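# Inside the fold
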Amino acid sequence: MRYSQFLLISAVGLMSSQVVAQQSAGVTLDEITVTAARAQRSISDIPQTVQVVDQKEIEEQLKQSGSASALLAKLLPGFSVSNQTISGASESYRGRDLLVLMDGVPLTTPLRDVSRVLSLIDLNSVERIELVAGASSLYGAGATGGTVNFVTKKAQPGGPRVSVNTALRTFTADPGGSLAPELSASVSGKHTNGIDYVFVGSGRGAQKTYDGAGRELPSDAMLGQGGGDRLASGNFLGKIGYDFDGGKRIEASISQFYLDQTPKYLTDYSGAYAKPDFTKPYTGQSVLEDSRSFQLRYSDTDFVLGNLSVVGFYNDIKKRFNYSEFSYPYNSLVYYSGNPLSPTSPANQTTLYSERGGVNLTIDTPLDRIWNGAKVTWGTDVVHDKTWQTLTDGRDVFTPLTQVTTAGFALVQVPITDRLTARGGVRYEHFDLSVDDFLRPAAYAAISPVTRFVLPALNVIGGQYEYASPTYNLGATFKLNNKIDLFGGFSQGYALPDVGAYTRRAGLSSTAFACPVATPNCLPLARQTISFTSIAPEAQIVNNYEIGIRGGDGPYKGSITGFVSTSEKGVTFDPVTNLISQQKEMIYGVEYIGEMAINRNFTLGTTIGYKEGRYDTNKDGVLDSWLPNNRIGSPVRGLIFGDYRFDNGIKLRIEGEGYAARNRGINLTNTVYPIEGGFTMNAALSGPVYGGEAYAAVNNLFDTELQNPTATSVRNLPVYSWGRTVTVGYRKTF
């Protein structure tokens, strides 16, 4: 049944791709431009996969879910299945990190990659989403898999324009106990004197969540990552801009993210799947997000060297995670209370702090005097980043880190002929990393149900470290005709792996730093200290190779892309041993997007993605095993949808989402953690009411019981997906 469903999706995809291939001459591709490449460029000039989600599609997905990761999972075939929590754990793009930007400014915390980013974004404030696959010479650390830029709404000329969107969601398993209200309001306008403004405020709440069997889902299914229930959140976006004469503009903005989750029960990881432990009330502090981002942007389209953009930004980030207790084998390492009968410290809950500010300078310079139509995008980035993470009693859990990143880049675009355009660039990145001295707190661990030990507090000696490397990219697009582009190229990304995660695990890779429970302070003086030099990760270069074809002709549009991504220093986390390692790896795959307007009322479309990866577990140069599930949760996933618009303005959308199982041996002993495949149906209906739009949506229409492949892959413990949810809402613009 599972494979027949994928065959159906594939058939629709093949149908659309054949349509693309049959396009005739005389029709021009849509001139869609993106800014994720730091300078405005036509998609047809970019030799990488580029996907744009416009306002119409964002609003369509908002009817079903306010989650940015759920939207990306549906519409971008290279993205993982959403894990349906506030965490981004194991959500990746093509098996690698995805750099998340808002108006071009990173929201990530690269020194300690805690991944809770996408859940913070309010889609009500977003005008379009741009994704550029692969690495590039334009962005630095974190952009090894791709870059996604959430472009916030812009003011339209005229007086104040007010928009309101309200929705109420609930699980049919317990409608009263799972009500989740949402409300968003925005006001924007642009005066003739050049001043414009956009203000968007949104809030939402959530109660219990349920799977397809009607079972309540846990508040911390993925162990320390935060859940999707019992929360309240609020977002605010404020932008004020002024257009000067002569193409100059200055704009200031603030984005505020707030979230508070109050779990009621701890999670039971000892059974066949993650579930609430109704016998153990949650005793920790709430799960909290209290972060904000400031931007000051100046642009000049008539700058002497071309288009100028200068962005200054400052991110103030606070993220508090779940409290959890010792539970072998899924939570086999906790901070130690000193009591072996109750080994979990009451402070076994962490808060991450990050203060990150910088300046991004971009200049887009025409080179017509040298080569007609040629352009060079160049500039520099300077970022100061200070990151630390503490237990609730104030003790650091990794060595406080400070890093200054400086980078320069240049990307040249040259139209070789009317049909052939070449692009090539280089970025030189320098990380100046300051590692403070640090006392790793004592921990309690187990390697079997009966073999337990204490890891006494350990001194970690820091220092000053530098990492630097150039990275390159080169590619070309060729207009096969006026409707179809061929594109392909090579791109590199350079990143320093999660340094905080390494120092947090100082001394955990060897029993040399362990003591019997009966003598918890057994270490001699010589083994009470470790140097960061001996545990530091190596900087990673990722090579991305990509080739594809894309096109559009009247009612048809689509693209198909093949990619290979390699690294000699790939980073893998083993959730069983709690260890991080670096080794050679390769990820490869194919992605397809197709859409066909059957007639003026009915549109049929699909997205399909396949990816797999192997790595060198024993570091002998041979890719001997499959990458773990937390890198490749499901190798095949897809979406098929049909949109029908009636003549009276009513719209109906039906979706089918599917993903394949995975049963791959992840090491030389062929250890397999099976992940189940699944398929769900969604439906949304909307229509004009009193000058606005009323809508209703049902996700997981048949209340199917499904394992969530991405959530399950975090700890190799089955976590079930959401059951049937119903949403009703109304939006109107005054």
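Anything mentioned here points back to the structure above.
As a starting point, this report considers the structure included with it. (Residues numbered from 1 in each chain as written. Predicted model: local features only at pLDDT ≥ 70, side-chain atom pairs only at ≥ 80, totals over all residues. Heavy atoms only, no water.)

A complete count under the given rule lists one disulfide for this structure. Paired by a disulfide, Cys515 and Cys522 hold their sulfur atoms 2.1 Å apart. An S-S torsion of about -95 degrees defines the bridge between Cys515 and Cys522 as left-handed. Assessed through its relative accessible area of 35%, Cys522 is described here as partly exposed. (Disulfide = S-S within 2.5 Å. Buried < 20%, exposed > 50% of the residue type's maximum accessible area, 1.4 Å probe, protein only.)

Here Tyr328 and Pro329 are connected by a cis peptide whose omega angle stands at 5 degrees. Mapped onto the secondary structure, Pro329 falls in the loop between strand E16 (306–320) and strand E17 (333–335). Phi at Arg94 is positive, roughly 55 degrees, even though this residue is not glycine. For Ser115, which is not glycine, the phi torsion reads 70 degrees and is therefore positive. Residue placement: Ser115 occurs in the loop between strand E5 (105–106) and strand E6 (126–133). (Helix = DSSP H or I, 4+ residues; strand = E, 2+ residues; numbered from the N terminus.)

Its place among the elements puts Asn699 in strand E38 (residues 692–699). The residues contacting Asn699, other than those within four sequence positions of it, are Gln64, Lys74, Met681, Asn682, Gly723, Arg724 and Thr725. (Contact = heavy atoms within 4.5 Å.)

According to the stated counting rule, one finds 17 aromatic pairs in the structure shown. Taking 4.9 Å as the distance between ring centres and 65 degrees as the angle between the ring planes, the aromatic pair formed by Tyr465 and Phe532 counts as edge-to-face. Of this pair, Tyr465 sits in strand E26 (residues 463–479) while Phe532 sits in helix H5 (residues 532–535), and the two are 67 residues apart along the sequence. Considered together, Tyr465 and Phe532 belong to a single accessibility category, that of buried residues. Taken together through their ring pairs, the aromatic side chains of Phe171, Tyr210 and Trp722 make up a single cluster. Residue placement shows Arg215 over the ring face of Tyr273; its charged tip is 4.7 Å from the ring centre. It is Arg550 that lies over the ring of Phe487; its NZ or CZ is 4.2 Å from the centre. (Phe/Tyr/Trp six-rings, centres within 6.5 Å; stacked < 30°, edge-to-face > 60°. Lys NZ or Arg CZ within 6 Å of the ring centre and 35° of its normal.)

Along the chain, Asp624 falls in the loop between strand E33 (602–615) and strand E34 (625–626). Within the buried core, Asp624 has no salt-bridge partner, and the shortest N-O distance to an opposite charge, that of Arg614, equals 6.1 Å. Apart from the residues within four sequence positions on either side, Asp624 is in contact with Arg614, Tyr615, Asp616, Thr617, Asn618 and Leu668. (Lys, Arg positive; Asp, Glu negative; His and termini not counted. Salt bridge = Lys/Arg side-chain N within 4 Å of Asp/Glu carboxyl O.)

It is worth spelling out the nonpolar core at this point. One finds Leu72, Ile121, Leu123, Ile129 and Phe150 to be the most contacted residues of the largest nonpolar core, which totals 29 residues. Only helix H2 (55–62), helix H3 (68–75), strand E4 (98–102), E6, strand E7 (146–152) and strand E35 (636–645) provide two or more residues apiece to this core. Here the element with the most residues in this core is H3; it accounts for five residues. Leave out the neighbours within four places in its chain, and Leu72 touches Phe79, Leu98, Leu118, Ile129, Val148 and Phe150. (Core = buried A, V, L, I, M, F, W, Y, C linked by side-chain atoms within 4.5 Å.)

We now examine the pattern of salt bridges. This structure, assessed with the given rule, holds 41 salt bridges. Glu612 is the salt-bridge partner of Arg664, the closest N and O atoms lying 3.2 Å from each other. Linking Arg664 in the loop between strand E36 (651–659) and strand E37 (678–689) with Glu612 in strand E33, this pair joins segments that are 52 residues apart in sequence. By relative accessible area, which is 29% here, Arg664 ends up partly exposed. The exposure class assigned to Glu612 is buried, which follows from its relative accessible area of 0%. Its salt-bridge partner being Arg653, residue Asp643 comes within 2.9 Å of it at the nearest N-O pair. Pair noted here: Asp643 is in strand E35 and Arg653 is in strand E36, with a separation of ten residues, a long-range link.

Right, let's get into the sheet that holds E17. In space, the four strands of this open sheet follow the order E17-E23-E24-E28, with antiparallel pairing throughout. The sheet is open, and its two edges are formed by E17 and strand E28 (515–516), each paired on a single side. Two strands pair when backbone bridges link them, and strand E23 (residues 443–446) and strand E24 (residues 452–455) are joined in this way by four bridges, in the antiparallel orientation. Each bridged residue has a counterpart across the sheet, and for Tyr444 the counterpart in E24 is Val454. (Pairing = 2+ DSSP bridges.)

Picture the strands of a sheet paired through backbone hydrogen bonds; they go either parallel or antiparallel. The strand order across the open sheet formed by three strands is E22-E25-E29, and the pairing between neighbours is mixed. If you trace the sheet from one side to the other, it starts and ends with strand E22 (438–440) and strand E29 (529–531), each paired once. Going across the sheet, the axis of each strand differs from the next one's by a mean of 30 degrees, ignoring polarity. (Axes fitted to C-alpha atoms, helices over the stretch in contact; angles between N-to-C directions.)

Moving on to the environment of Val100. Along the chain, Val100 falls in strand E4. Remark: the alpha-carbon pair of Val100 and Thr725, spanning 625 residues in sequence, is separated by 28 Å. Val100 has contacts with Val105, Pro106, Leu107, Thr108, Val117, Leu118, Ile121, Val148 and Phe150, leaving out every residue within four places of it along the chain.

This part is about the pairing of strand E12 (residues 248–261). Relative to E12, strand E11 (residues 231–243) runs antiparallel, the two sharing 13 bridges. Bridge pairing links Tyr242 to Ile250 in E12. The antiparallel pairing of E11 with E12 creates a hairpin that spans four residues between the two strands, and Gly246 there sits at a positive phi of about 85 degrees. As paired strands, E12 and strand E15 (residues 287–303) are joined by 14 bridges and run antiparallel to one another. For Asp260, the partnering residue across the bridge sits in E15 and is Leu288.

On their own, these measurements won't tell you what the molecule is for.
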